[in-house]
Amino acid sequence: MPETKAISHTLPLSRRAFVASSALSALAIGAATQARASDPHHRRLTHTDDFDYAVTRSDEEWRAMLTQDEYDIMRRGNTEFPKSSPLWNEQRNGLYHCKGCDLEAYDARWKVPLDKGWVFFTHSQTNAVLTGIDGPVAEYGNAMGDSTIAHVEVHCRRCGCHLGHLLPVDGHQVHCINGAALTFEAAAA
Ligand SMILES: [Zn+2]
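Residues numbered from 1 in each chain as written. Predicted model: local features only at pLDDT ≥ 70, side-chain atom pairs only at ≥ 80, totals over all residues. Heavy atoms only, no water.

### Regarding the coordination of the zinc ion
Put simply, the ideal angle at a metal is 109.5 degrees for four donors in tetrahedral geometry and 90 or 180 degrees for six donors in octahedral geometry.
Line of reasoning, step 1. Looking at the zinc ion, the protein donor atoms are Cys 98 (SG), Cys 101 (SG), Cys 156 (SG) and Cys 159 (SG), and they sit 2.3 to 2.4 Å from it.
Line of reasoning, step 2. Around the zinc ion, the four donor atoms sit at angles spanning 100 to 119°, and that spread fits a shape best called tetrahedral.
Line of reasoning, step 3. The sequence pattern formed by the donor residues of the zinc ion is C-x2-C-x54-C-x2-C. Separated by 58 residues along the polypeptide, Cys 98 in strand 1 (residues 94-98) and Cys 156 in strand 6 (residues 151-156) bring together distant segments of the chain. Cys 156 carries the same exposure label as Cys 98, and that label is buried. (Donors = N, O, S within 2.8 Å, 3.2 Å for Na, K, Ca; no water. Tetrahedral: all angles 85-135°; square planar, octahedral: opposite > 155°, others 65-115°. Helix = DSSP H or I, 4+ residues; strand = E, 2+ residues; numbered from the N terminus. Buried < 20%, exposed > 50% of the residue type's maximum accessible area, 1.4 Å probe, protein only.)

### Quick look at unusual backbone geometry
Line of reasoning, step 1. For Asp 102, which is not a glycine, the phi torsion comes out positive at approximately 70°.
Line of reasoning, step 2. If you trace the backbone, Asp 102 turns up in the loop between strand 1 and strand 2 (104-107).
Line of reasoning, step 3. Judged by its relative accessible area of 48%, Asp 102 falls in the partly exposed class.
Line of reasoning, step 4. Positive phi is not limited to glycine here, since Asn 127 has a value of about 65°.

### Some words on the packing of aromatic side chains
Line of reasoning, step 1. One pass over the structure, following the stated rule, counts four aromatic pairs.
Line of reasoning, step 2. Their ring planes at 70° and their centres at 5.2 Å tell us that Tyr 96 and Phe 121 sit as a pair that is edge-to-face. Placement of the pair is Tyr 96 in strand 1 and Phe 121 in strand 4 (residues 119-121), with a sequence separation of 25 residues.
Line of reasoning, step 3. On the basis of relative accessible area, Tyr 96 is assigned to the buried category, the value being 0%.
Line of reasoning, step 4. By way of ring pairs, the aromatic residues Tyr 96, Tyr 106, Phe 121 and Phe 184 are connected into one cluster.
Line of reasoning, step 5. Above the face of the Trp 62 ring, Arg 57 is positioned so that its terminal group lies 4.9 Å from the ring centre.
Line of reasoning, step 6. The cationic tip of Lys 83 hangs over the ring face of Trp 88; the distance from NZ or CZ to the ring centre is 4.7 Å. (Phe/Tyr/Trp six-rings, centres within 6.5 Å; stacked < 30°, edge-to-face > 60°. Lys NZ or Arg CZ within 6 Å of the ring centre and 35° of its normal.)

### Remarks on the pairing of strand 6
Line of reasoning, step 1. Summarising burial for strand 6: five of the six residues are buried, a large majority.
Line of reasoning, step 2. With six bridges joining them, strand 5 (residues 129-134) and strand 6 adopt antiparallel strand pairing. Note on strand 6: the bridge partner recorded for Gly 132 is Glu 153.
Line of reasoning, step 3. Between strand 6 and strand 7 (residues 162-169), which pair antiparallel in sequence order, lie five residues; one of them, Gly 160, sits at a positive phi of approximately 80°. (Pairing = 2+ DSSP bridges.)

### Quick look at the sheet that holds strand 2
Line of reasoning, step 1. Taking strand neighbours across the sheet as the criterion, the three strands line up as 2-1-9 in an open arrangement whose pairing is antiparallel. Two strands lie at the open edges of the sheet, namely strand 2 and strand 9 (182-186), each paired on one side alone. In this sheet, adjacent strand axes meet at a mean angle of 30° when their direction is disregarded.
Line of reasoning, step 2. Pairing of strand 1 with strand 2 involves three bridges; the strand directions are antiparallel. Considered in strand 2, the bridge of Leu 95 is made with Asp 107. (Axes fitted to C-alpha atoms, helices over the stretch in contact; angles between N-to-C directions.)

As structure tokens, this is what we get:
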């Protein structure tokens, strides 16, 4: 599989740069040791904050529309196993929507094609996502080498579902998104 593809506006992020990123390496470790849905210390704002989201559902409704894995990721902030969603390697043009409310969250033209197993973008669609403070999450390590600094969590501004994180990689901030939290709509050929 190609590690990169020619997109003129894509930031010069190499796989080597990603491997060298302490943040992402630590994230991989975190994903590999997943299964923390019942961990009371692994708390997210996504379903406990009081932000006035445009789309709201009861916990029962979320559970009814999502698989267990999707629920744990989108409503509890878990991170999917690398390459568990095929969207990490999706290379077609098109739009990525929040699975929780169908909001257009990311455009494929901002996708960073890397083989780490999650879905990376340089940008979200304008006004599509909000951020939270995720942490400290010990298993993720810390991007700044300071255990007191938490990671930036990313969630949908319309329904509050957890999508992923902002991570500094090779000097650039990128969105590291769970494919399970997205649906993909390919552009018309
Ligand atoms: Zn949403």
